[in-house]
Amino acid sequence: ACLGWRMFFLVPCLFLPLLWWVSRHLPETRRFHLAAAQAAPSAINWRRFTLLGGAAFASSFFVSPASQLRNEYLRDDLGYSAALVSLFQLTVNTPAGLSILVAGVLADRIGRRVLGAGALALGATLTALSYQLGGTSLWLVAGAGAVLAGASFPPTRTYSTELFPTRSRARVAGLLDVVGVAGSASGLVLVG
């Protein structure tokens, strides 16, 4: 029974045959074939990388501890039961997933920088503020913070593909993930 919930992590393995099939039959783009004909990978613009890496580190430094320690705050400081913590997380975070879809459309209309920076700043502010609240205001402010933080994802994530040549995108994406994980780990160690 103790291992039962871990079995859910095996469900994605059922899709491995589909992924194998897709990898064999999905054609590459013309742009990839042109880039693949070059012998060496493209150079990385380190100024751009530093800007994106700094944003990835800073946002992960905040988001990981804020989400990780939320359950402890609800349980220890507000006396929520396990069921109420689960209900809170579902209620607050489900609309955030939908905001990602809306943000993709908005980013093309009002601009990525405006939406990404504004949504991230307001989302972080509301998330931090929610730790000072209880009752209905906690649910509303935490929900608004999650929606805004989710809305910042599409416009900011596109920069890693748009600011770098095709031949260096995979390296840049990998390096940005490493920087983001370092931000998460650092935030958890320092805040925890």
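Keep in mind it's a predicted model, so treat the numbers as computed, not measured.

Okay, the pattern of salt bridges next. With the rule as written, the count across this model stands at 4 salt bridges. Residue Asp177 pairs with Arg157 through a salt bridge whose shortest N-O separation is 3.6 Å. In this pair, Asp177 is assigned in helix α10 (residues 169–191) and Arg157 in helix α8 (residues 153–157), connecting sequence segments 20 residues apart. Overall, the relative accessible area of 41% leaves Arg157 in the partly exposed class. The structure contains a network of salt bridges with shared partners spanning Asp108, Arg112 and Glu162.

Turning our eyes to something else, we now look at the packing of helix α6 (residues 112–130) against helix α7 (residues 135–151). Here α6 crosses α7 at 155°, and the two axes come no closer than 7 Å. In this view, α6 runs roughly antiparallel relative to α7, as classed from their interaxial angle. Like other packed secondary-structure pairs, α6 and α7 cross with a definite hand, here left-handed. Contacts between α6 and α7 involve Leu115, Ala119, Leu120, Leu122, Gly123, Leu126, Thr127, Leu129 and Ser130 on the former and, on the latter, Leu138, Val141, Ala142, Ala144, Gly145, Leu148, Ala149 and Ala151. Residues that form the contact of α6 with α7 fall into these classes: 13 nonpolar, 4 polar and no charged.

Further remarks concern the packing of aromatic side chains. Any pair of aromatic rings gets described here by the distance separating the centres and the angle formed by the planes. Tallied over the full model, the rule gives 5 aromatic pairs. Ring centres of Phe57 and Phe61 lie 6.1 Å apart, and the angle between their planes is 25°; on these two criteria the pair is classed as stacked. With Phe57 and Phe61 both in helix α3 (residues 46–68), this residue pair falls 4 residues apart, about one helical turn. Its relative accessible area of 27% is what places Phe61 among the partly exposed residues. With a centroid separation of 4.9 Å and an interplanar angle of 80°, the aromatic rings of Phe88 and Trp139 are classed as edge-to-face. One end of the pair, Phe88, is in helix α5 (residues 82–110); the other, Trp139, is in helix α7, with 51 residues separating them in the sequence.

About the cut-offs
Residues numbered from 1 in each chain as written. Predicted model: local features only at pLDDT ≥ 70, side-chain atom pairs only at ≥ 80, totals over all residues. Heavy atoms only, no water. Salt bridge = Lys/Arg side-chain N within 4 Å of Asp/Glu carboxyl O. Helix = DSSP H or I, 4+ residues; strand = E, 2+ residues; numbered from the N terminus. Buried < 20%, exposed > 50% of the residue type's maximum accessible area, 1.4 Å probe, protein only. Axes fitted to C-alpha atoms, helices over the stretch in contact; angles between N-to-C directions. Parallel < 35°, antiparallel > 145°, perpendicular 65-115°, else oblique. Left-handed = near helix turned anticlockwise from the far one by under 90°. Contact = heavy atoms within 4.5 Å. Nonpolar A, V, L, I, M, F, W, Y, C, P; charged D, E, K, R; others polar. Phe/Tyr/Trp six-rings, centres within 6.5 Å; stacked < 30°, edge-to-face > 60°.

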